[in-house]
Amino acid sequence: MHESDYSIRPAEPGDLEGARAVMLDTVYRDFGTGYVPRWHGDIIDPAAAYLAPARHTLLVAVDGVAGDVVGTAALDARGPAHPPNPRHLAERYPSGETAQLRRVYVRPEHRRRGLARRLVGELLAFAAADGGYRSVYLHTDPAVPGAEGFWRSLGKVVHDERQDPAGGQGIVHFEVPMV
C-alpha cells in the first residue's frame, strides 16, 4: 500500500474501538509497560479525553482497502504535569496554552509510509486553527524504535532526562513548531 491508500480524519464514535486497539497494542508491544491507569486513562475512554472537549482532537489513519484504523494521533490542552515531569517543563508549557501531542501510533505493518508525519501535520494545523495555543509539546520514550529520530526530524529537544544526574524517567521532551 502507498501513503495515498490511507485516509486521515477526525475520529468518529465508530472508530473508537479500533483506535483503542491500536493504542493498547502499542503500549503492550512497543512500550512493554502494558496498560497503566495513571498514564493511559485516555486510551480506555478516548471519547471523554479527545472527542468531547472542544480544544482536543483524536485523529485516525484508516486503511482505504480494509477500512481498519491503523494509526492514531491525539492533541489536548494539558501541559506536562510535575511530577513526574521536570518542574521547568510544567512552567514552560502550561495547560491551556500548550497543545500536547499524544498517542501518535501506527501499527507496525503500516509504518514507513508517511502516516505518522501526516497525522502530526493535521494535529499541528488543528493547534494553529485553535488560536489559543502558543506552543506544541510532546514527550517520547527513546527506547521505542524510531520514535526519537522521528520527533527529532520534526521538532527540537527541550529536555533529555537521560542527561539528568539520576536519569529521570529516561524520557525526551520536544517542542514542535506550529504550522
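Attention in this report is confined to the structure presented alongside it. Bear in mind that the values here come from a model prediction, so they are computed numbers and not experimental data.

Reading guide: rules and limits
Residues numbered from 1 in each chain as written. Predicted model: local features only at pLDDT ≥ 70, side-chain atom pairs only at ≥ 80, totals over all residues. Heavy atoms only, no water. Helix = DSSP H or I, 4+ residues; strand = E, 2+ residues; numbered from the N terminus. Buried < 20%, exposed > 50% of the residue type's maximum accessible area, 1.4 Å probe, protein only. Contact = heavy atoms within 4.5 Å. Areas by Shrake-Rupley, 256 points an atom, 1.4 Å probe, with all protein chains shown as cover. Lys, Arg positive; Asp, Glu negative; His and termini not counted. Charge placed at Lys NZ, Arg CZ, Asp CG, Glu CD. Expected span 1.5 Å × (residues − 1). Pairing = 2+ DSSP bridges. Axes fitted to C-alpha atoms, helices over the stretch in contact; angles between N-to-C directions.

This brings us to the overall build of the protein chain. Looking only at helices and strands, the protein chain features six helices and seven strands. Secondary structure of the protein chain in N-to-C order comes out as β-α-α-α-β-β-α-β-α-β-α-β-β. The buried share of the protein chain, reckoned over its 179 residues, is 47%. Counting contacts in the protein chain only where the partners sit at least 6 residues apart, residues at least 24 apart contribute 65% of the total. As displayed, the protein chain offers around 8,700 Å² of accessible surface, 52% of which is attributable to carbon and sulfur atoms. Here the protein chain contributes 20 positively and 23 negatively charged side chains, and the mean placements of these two sets differ by 4 Å.

This part is about unusual backbone geometry. Looking along the chain, the bond that leaves His82 and enters Pro83 is cis, with omega of -15°. The residue after Pro83, namely Pro84, is reached through a cis peptide bond having omega 10°. Position of Pro84 among the secondary structure elements: in the loop between β3 (69-76) and α4 (87-92). Of note in the backbone geometry, Arg103 takes a positive phi value of approximately 55° without being a glycine. Following the sequence through the fold, Arg103 ends up in strand β4 (residues 98-106). The backbone of Arg112 sits at a positive phi, close to 70°, despite the residue not being glycine. With respect to the helices and strands, Arg112 occurs in the loop between β4 and α5 (115-130).

Turning to α5, a few remarks are in order. Compared with the 22 Å implied by 1.5 Å per residue over 16 residues, the 23 Å span of α5 between its first and last C-alpha is a close match. If you check which residues of α5 are buried, you get Leu115, Ala116, Leu119, Val120, Leu123, Leu124 and Ala127. Where α5 ends, the next residue or the one after it, Gly131, has phi of about 85°, a positive value.

Attention now moves to the sheet that holds strand β5 (residues 135-140). An order of β1-β2-β3-β4-β5-β7-β6 is seen for the seven strands of this open sheet, with the pairing classed as mixed. The sheet terminates laterally at β1 (6-10) and β6 (156-160), the two strands that pair on one side only. Taken pair by pair, the neighbouring strands of this sheet meet at an average axis angle of 25°, ignoring direction. Across five bridges, β1 lies against strand β2 (residues 57-63) in antiparallel orientation. Bridge assignment links Pro10 to a residue of β2, and that residue is Leu59. Relative to the sheet, helix α1 (residues 16-29) contacts β2, β3 and β4, its axis offset from that of β3 by approximately 90°.

Treat this as a map of the structure, not an account of what it does.
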